[in-house]
Amino acid sequence: MKTRQQAFDQIKDGSFDLCVIGGGASGASCALDAQLRGLRTVVVDAGDFASGSSTASTKMAHGGVRYLQEAVNDLDIGQYHLVESALRERLGMLHSAPHLTRTVEFLVPCFSNFEKVYYGLGMKMYEWISGKSSLLPSRILSREEALYRMPAMQHEKLVGAVAYADGQFDDARYGLALVETFEAAGGVALNYARAAGFGKDEAGKITSATVSDRMGHGTLEIRARAFVNATGPFSDIVRQLASPGAAPRMRPSKGVHIMVPLDGFPDQDAVLIPKTEDGRVIFAIPWNGRLLIGTTDTGYTPGEEMVVKQEEIEYLLRQINPYLNSPLTADKVVAGYAGVRPLVAAAGVTDTKKLIRDDEVEFDAGTGLVSILGGKWTTHRLMGEETIDRVQDYLGARSPSRTWNYLLAGAHGYSEDYWQTLVKAYSVPAGLAKYLAHKYGVAAAQVLELTRADRYLAAPLVTGEAPIRAQVVYAARVEMAITIEDVLARRIGFQLYSWRGAIEAAPIVAELLRRELGWSGEEEGRALETYIAGVNHMISMAGQMPEPGPLAERELVLERK
Ligand SMILES: Cc1cc2nc3c(=O)[nH]c(=O)nc-3n(C[C@H](O)[C@H](O)[C@H](O)COP(=O)(O)OP(=O)(O)OC[C@H]3O[C@@H](n4cnc5c(N)ncnc54)[C@H](O)[C@@H]3O)c2cc1C
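The structure contained in this document is the topic of the report that follows. Since this is a predicted model, take the numbers as computed values, not measurements.

What to know about the site of the ligand
Taken together, 37 residues lie around the ligand, and S26, D45, S54, M60 and T378 are the ones closest in. One of the backbone nitrogen or oxygen atoms of A25 is found 3.1 Å away from an oxygen atom of the ligand. Here an oxygen atom of the ligand and a side-chain polar atom of T378 are 2.6 Å apart. Of all elements in the fold, only α2 (25–36), β8 (193–200), β11 (253–261) and β16 (335–341) reach the threshold of two or more residues within the shell around the ligand. Here the shell around the ligand is composed, by residue class, of 14 nonpolar, 18 polar and five charged.

A closer look at the side chain of T378
Mapped onto the secondary structure, T378 falls in the loop between β18 (370–374) and α10 (380–395). With relative accessibility at 1%, the residue T378 sits in the buried group. Within the structure, the side chain of T378 is placed 3.3 Å from the backbone oxygen of M60, a separation counted as a polar contact. When residues no more than four places from it in sequence are discounted, the contact partners of T378 are M60, A61, H62, A86, E89, R90 and M93.

Regarding the packing of aromatic side chains
The final tally for this structure, using the stated rule, is 15 aromatic pairs. Judged by centre distance (6.5 Å) and plane angle (70°), the ring pair of F234 and Y300 falls under edge-to-face. Note that F234 is positioned in the loop between β10 (218–229) and α8 (235–242) and Y300 in the loop between β15 (298–299) and α9 (310–320), a separation of 66 residues in sequence. The exposure class assigned to F234 is partly exposed, which follows from its relative accessible area of 39%. With a centroid separation of 5.6 Å and 20° between ring planes, the pair formed by F494 and Y497 is classed as stacked. You can see F494 and its partner Y497 sitting in helix α16 (residues 494–497), three residues apart, about one turn around the helix. Under the relative-accessibility criterion, F494 is labelled buried at 4%. The exposure class of Y497 is buried, given its relative accessible area of 18%. Through a chain of ring-to-ring contacts, three or more aromatic side chains come together here, namely F106, Y126, Y164 and F283. For the cation-ring pair, K59 lies above W287, with the distance from its terminal atom to the ring centre recorded as 5.5 Å. In this structure, R88 packs its charged tip against the face of W404, placed 4.4 Å from the ring centre.

Thresholds applied
- Residues numbered from 1 in each chain as written.
- Predicted model: local features only at pLDDT ≥ 70, side-chain atom pairs only at ≥ 80, totals over all residues.
- Heavy atoms only, no water.
- Near = heavy atom within 4 Å.
- Polar contact = N/O pair within 3.5 Å; in protein donor to acceptor, adjacent residues only side chain to side chain.
- Helix = DSSP H or I, 4+ residues; strand = E, 2+ residues; numbered from the N terminus.
- Nonpolar A, V, L, I, M, F, W, Y, C, P; charged D, E, K, R; others polar.
- Buried < 20%, exposed > 50% of the residue type's maximum accessible area, 1.4 Å probe, protein only.
- Contact = heavy atoms within 4.5 Å.
- Phe/Tyr/Trp six-rings, centres within 6.5 Å; stacked < 30°, edge-to-face > 60°.
- Lys NZ or Arg CZ within 6 Å of the ring centre and 35° of its normal.

Note that all results are geometric; they support no functional claim without further evidence.
Written out as structure tokens, the structure is:
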């Protein structure tokens, strides 16, 4: 990718057909769709790419078995269509970025024969709706088979399980791959750039957006023929920037996930807990060497801090523990994250759990602003297509979308055994080669190439863990990462693996970013302190003892060198 400075200069000097505001799943997808149709497009995000809801998901490319259940129970055709299109899109995601996605089998524990039949029929229907997009046939497992596959499952009451398949993906890196692919197609992308106002012509149509650069370059005026608002849960703010007084449409809700060690859980199979105390389902899914458990669905108050709270951990453990042999305890939680669902309000629905996860393309005829509201990660591609159809209607000429099955950055030439090429070419252990291949696809070779020039970069960020220092340099040089959090939470994802591990890795990340981004020693110290304080705050909110202060940590690392 370009550097931020290059992107900034290009925006300053350019004029565009389309400006997309928001660089999460929806915005990146709109930008890619538009650029591939030949519209000169720029995308800006107020924070890092995919730093909002798009990194806080359960990381499932799915139709949603709960939504299917609701479609059947409530005879709701809207829910049914959402499940159907999401199941088709699920397959597209697996195809477009095979390195970032995989098929996982979910086991639904059954404590009676009735449950076996009930869930068995439900999953057959899920599979039937997916039609040609089906991943694997669903099936009923005996008690023995279920326990063989999932030894941690409750032995006593279990009579069997129902197995069905869904997709899993790396949301942060998938978002980045969309942006990289968009850039490779000729688009311009800038992170840490917030749209703060619009300029209009005499007819009231938007002709420019004023964007403030959070990294101190001042403000930018982006001129374009059309504007898309893809700001997820905060879409109302941008809608109201364009049309003050526009009635709010969003009804966001909060969801949290926790990570615990995989102990006793396999790396391949996941569990669906079919009944929670608030009438939903939750998942326990292997995720990069951890077990990801989530999610909650609670009201969101504007301005609320996005952290995992102790009571939310207790809620999740209360739901999963009846299905396990040895109950999980809160001290086992090694990381977690919280996010806001971008739900669209519906008349008469007060409970966010009942809101359909559908999207809506809204066109403001007064200003020309096109807003993409709501939706799911799984349907991001289709949402991009529908949004750009509307943009082209506004601009006056339609052309077909090209994003279906379009290969994303890292996917060209990738195959499941690609990691072996890395082992041969760079003499790295198989574990590291597989880890890098899944994060970067064929671009993993570029990461390892950095270690040839500088052996210091071949060392792990934290002893005994997979991430290596070269990934930090790659994130800064190629992936527009400019903060420690960009690197550890999204480019590498280590913060999701271990809060304490991320704190241990932070001083080396800060030092490498100083070298790459030309920070002063003072800037490095400040960045480190801010990052560690942030992660320590997450640890405290989860009810655990924070790590010692940043300076103590830093001295420890310097001594070790
Ligand atoms: C707990 C949870 C679990 C989920 N699980 C799944 C799942 O398993 N599968 C699935 O398919 N979906 C899932 N989803 C839904 C999915 O994550 C979201 O639908 C999707 O990420 C929304 O993407 P978005 O781009 O619309 O919003 P966001 O990712 O929030 O992106 C909006 C972006 O706009 C930027 N922005 C805001 N204001 C401005 C401004 N003024 N100027 C510039 N930029 C701005 C923000 O910085 C942000 O990056 C889940 C969501 C949550 C919260």
